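Spelled out from the first residue to the last, the chains are:
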Amino acid sequence: MSKLEQTLSIIKPDAVERNLENEIKDMFKKNGFSILKEKKIQIEKSEAEKFYKIHETKPFYKDLCDYLSSGPIVAMVLEKDNAIIGNRKLMGATNPKDADDGTIRKKYGISIDKNSVHGSDSIENAKIEIDFFFKD
Ligand code: UDP
Ligand code: MG
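Everything in this summary refers to the structure shown in the same document. A quick note: this is a predicted structure, and the numbers were derived from the prediction, not measured.

A few words on unusual backbone geometry. Peptide bonds are, in most cases, trans, and in most cases residues other than glycine have a negative phi. Located in the positive-phi region is asparagine 19, a residue other than glycine, with phi close to 60°. Structurally, asparagine 19 is set in the loop between helix 1 (13-17) and helix 2 (21-30). On the basis of relative accessibility, which here comes to 67%, the residue asparagine 19 falls in the exposed class.

Below, the structure is given as structure tokens:
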């Protein structure tokens, strides 16, 4: 069953820093995603802590929040049939070493922490994450 969905994608600081923004957007477009909204911003550590609250008990939480707030990011709303799972597939595994060929993380990811992109993992989280960046 296909269903038109929206998901939140973030191009993370390591990829923005390496000027990969347009290449990564091209990968989304070539894979049938429409970029409905986008903004390039740098967030405060306190905002990163809120965004990644789901991970607050994990050992990597502090470093993760430091990292996400360390430089400019590009937040985007992507739309496509089954966008949430489709984006997760296009991103590849969390650790770029485990990511399949042709995925964004395989192509551009440096390490498990500097893995170039974020993508929502469920319909519920996609709504929360889209609101986080784009509610006005
Ligand atoms: N992360 C990390 N170390 C780990 C696991 C995750 O630094 O051992 C970071 C990584 O940047 C990842 C983010 O925390 O993208 C969120 O983790 P999650 O398990 O939600 O992975 P994702 O959904 O991004 O694939
Ligand atoms: Mg996740």
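To continue, consider the sheet that holds strand 4 (residues 117-119). With antiparallel pairing, four strands are arranged side by side in an open sheet as 2-3-1-4. Among the strands making up the open sheet, the edge pair consists of strand 2 (34-41) and strand 4. Along the sheet, successive strands turn relative to each other by an average axial angle of 20°, direction set aside. Where strand 1 (residues 4-11) and strand 4 come together, three bridges link them in antiparallel fashion. Its bridge partner being in strand 4, isoleucine 10 is matched across the sheet by histidine 118. This element, helix 5 (residues 83-91), spans strand 1, strand 3 (73-81) and strand 4 of the sheet and lies at about 35° to strand 1.

The rules we used
- Residues numbered from 1 in each chain as written.
- Chains lettered and ligands numbered in written order.
- Predicted model: local features only at pLDDT ≥ 70, side-chain atom pairs only at ≥ 80, totals over all residues.
- Heavy atoms only, no water.
- Helix = DSSP H or I, 4+ residues; strand = E, 2+ residues; numbered from the N terminus.
- Buried < 20%, exposed > 50% of the residue type's maximum accessible area, 1.4 Å probe, protein only.
- Pairing = 2+ DSSP bridges.
- Axes fitted to C-alpha atoms, helices over the stretch in contact; angles between N-to-C directions.
- Contact = heavy atoms within 4.5 Å.

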